[in-house]
Amino acid sequence: MPSHDTFPFLKGHGTENDFVLLPDPDGTLHGDLAPGLVAALCDRRAGLGADGVIRVVRTAAYDDPAAVAVRDVATWFMDYRNADGSVSEMCGNGVRVFARYLADQEHVPTTEPLRVGTRAGVKVVRFEDDGRITVDMGEPDVDGETKVGVGERTWAASNVGMGNPHAVAFVDSLDDAGPLLEAPSYDPQVYPRGVNVEFVVRRGERHVAMRVHERGSGETRSCGTGACAVMVAAAVADGARSADAPAGADVAYRVDVPGGELTVTWTAGGRLLLTGPAVLVASGQVPYSFAPVA
Ligand SMILES: N[C@@H](CCC[C@H](N)C(=O)O)C(=O)O
């Protein structure tokens, strides 16, 4: 039962990339959203368990420059935090779950495009007739080759920016990267703020499968920005699109992740559209006494 001793939460996921949502329309939780609280909420044994926390706040109620900058065009801002409490610019699965929350709980219309503020700019969301959600993820930043490693093994990787950083490595088998209990190694000069690393195999024509180790969260069951980065690396490697001259016909890839299936379309105009499911699974109240003191 809601009370001033508790704050509300919801739990949701997109292809099993799971999130704790904290409805905070008036921005009253901001001061309390310390990294320690985020990490405690995401703890799978002692907390609610999640890959990240998404605070749902009105742009008008948040003084982050990214929210202030988009107040004229977006009512809502996705304040995304990784499971370790760190801040990220963007989350492709999270923004679909965020949109699902707004539709179900805040009654935003699903018949027209929804503009969501994020630290990577405004994302336009469309609700599909089949229940899936499509997000215009913008134009990728394709920035050459780098290297990633796990233990003794290293792989060439494509550096693809999706608002957040990604390194995409094609491997012979998804098992090659091992259990991914630790973050893969990467070049800190290329990625001074860390990186999300995707391992990819081909499954067929315009069909790939991936695993991901997410910056700040470890191995997860899916990553929407990661699926976009993987699609871009695959389309460029296949000659389906060129990194330098992305204009052409729309190209769509199916991207399998451990938690399901995503579709990424690289439009003729050079933008990436990410389509996939988004569900809310639970809601409840967290006692303020749960919050760690430090
Ligand atoms: N799972 C997300 C990405 C979340 C942020 C990422 N870990 C980062 O630090 O950049 C997605 O679906 O895109």
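Residues numbered from 1 in each chain as written. Predicted model: local features only at pLDDT ≥ 70, side-chain atom pairs only at ≥ 80, totals over all residues.

Engineer: If you had to explain the pairing of strand β6 (residues 121–127) to someone new, which residues and values would you point to?
Structural biologist: Looking down a regular strand, the side chains alternate between one sheet face and the other. In terms of strand pairing, strand β5 (residues 114–118) meets β6 through 5 bridges, oriented antiparallel. Bridge pairing in β6 places Gly117 opposite Val122. Taken together, β5 and the strand that follows it, β6, pair antiparallel across an intervening segment of 2 residues. In terms of strand pairing, β6 meets strand β7 (residues 133–138) through 4 bridges, oriented antiparallel. Bridged to Val124 within β7 is Asp136. Where β6 hands over to β7, the hairpin turn is made up of 5 residues, of which Gly131 adopts a positive phi near 95°. (Pairing = 2+ DSSP bridges. Helix = DSSP H or I, 4+ residues; strand = E, 2+ residues; numbered from the N terminus.)

Engineer: Give a description of the nonpolar core that names residues and reports values.
Structural biologist: Formed by 78 residues in total, the largest nonpolar core has its most connected members in Phe98, Ala227, Cys228, Val230, Met231 and Val255. Top element by residues in this core is helix α4 (residues 224–237). It accounts for 10 residues. Taken together, domain 1 (6–127 + 279–290) and domain 2 (141–274) each give at least three residues to this core, which thus spans both. (Core = buried A, V, L, I, M, F, W, Y, C linked by C-beta atoms within 7 Å. Buried ≥ 20, exposed ≤ 12 C-beta atoms within 10 Å, placed from the backbone. Domains from an automatic or database assignment.)

Engineer: I'd love a proper account of the pairing of strand β9 (residues 153–161), names of residues and values included.
Structural biologist: As paired strands, strand β8 (residues 141–150) and β9 are joined by 8 bridges and run antiparallel to one another. Counted as the bridge partner of Thr146 is Ala157 from β9. A loop of 2 residues connects β8 with β9, the two strands running antiparallel in sequence, and Gly151 in this loop sits at a positive phi of about 60°. Between β9 and strand β10 (residues 165–170), which pair antiparallel one after the other, the connecting turn spans 3 residues, and Gly163 there sits at a positive phi close to 90°.

Engineer: Quick rundown of the domain arrangement of the protein chain? Include the residues and the values.
Structural biologist: Domain annotation of the protein chain identifies domain 1 (6–127 + 279–290) and domain 2 (141–274). In this structure, domain 1 and domain 2 have C-alpha centres spaced 24 Å apart. Residue composition of the side of domain 1 that touches domain 2, grouped by class: 4 nonpolar, 9 polar and 4 charged. (Nonpolar A, V, L, I, M, F, W, Y, C, P; charged D, E, K, R; others polar.)

Engineer: Lay out the site of the ligand with the relevant residues and their values.
Structural biologist: Ser88, Asn93, Asn164, Gly224 and Thr225 are the nearest of the 19 residues found near the ligand. Residue composition of the shell around the ligand, by class: 2 nonpolar, 15 polar and 2 charged. When residues of the shell around the ligand are assigned to domains, at least three fall in each of domain 1 (6–127 + 279–290) and domain 2 (141–274). (Near = placed C-beta within 6 Å.)

Engineer: Explain unusual backbone geometry to me, and be specific about the residues and the numbers.
Structural biologist: With the exception of glycine, most residues fall at negative phi, and the peptide bonds are largely trans. Located in the positive-phi region is His107, a residue other than glycine, with phi close to 60°. Here His107 shows up in the loop between α3 (92–105) and β5. Of note in the backbone geometry, Arg206 takes a positive phi value of approximately 50° without being a glycine. Residue Arg206 is classed as partly exposed on the basis of its C-beta count, with 17 C-beta atoms lying within 10 Å.

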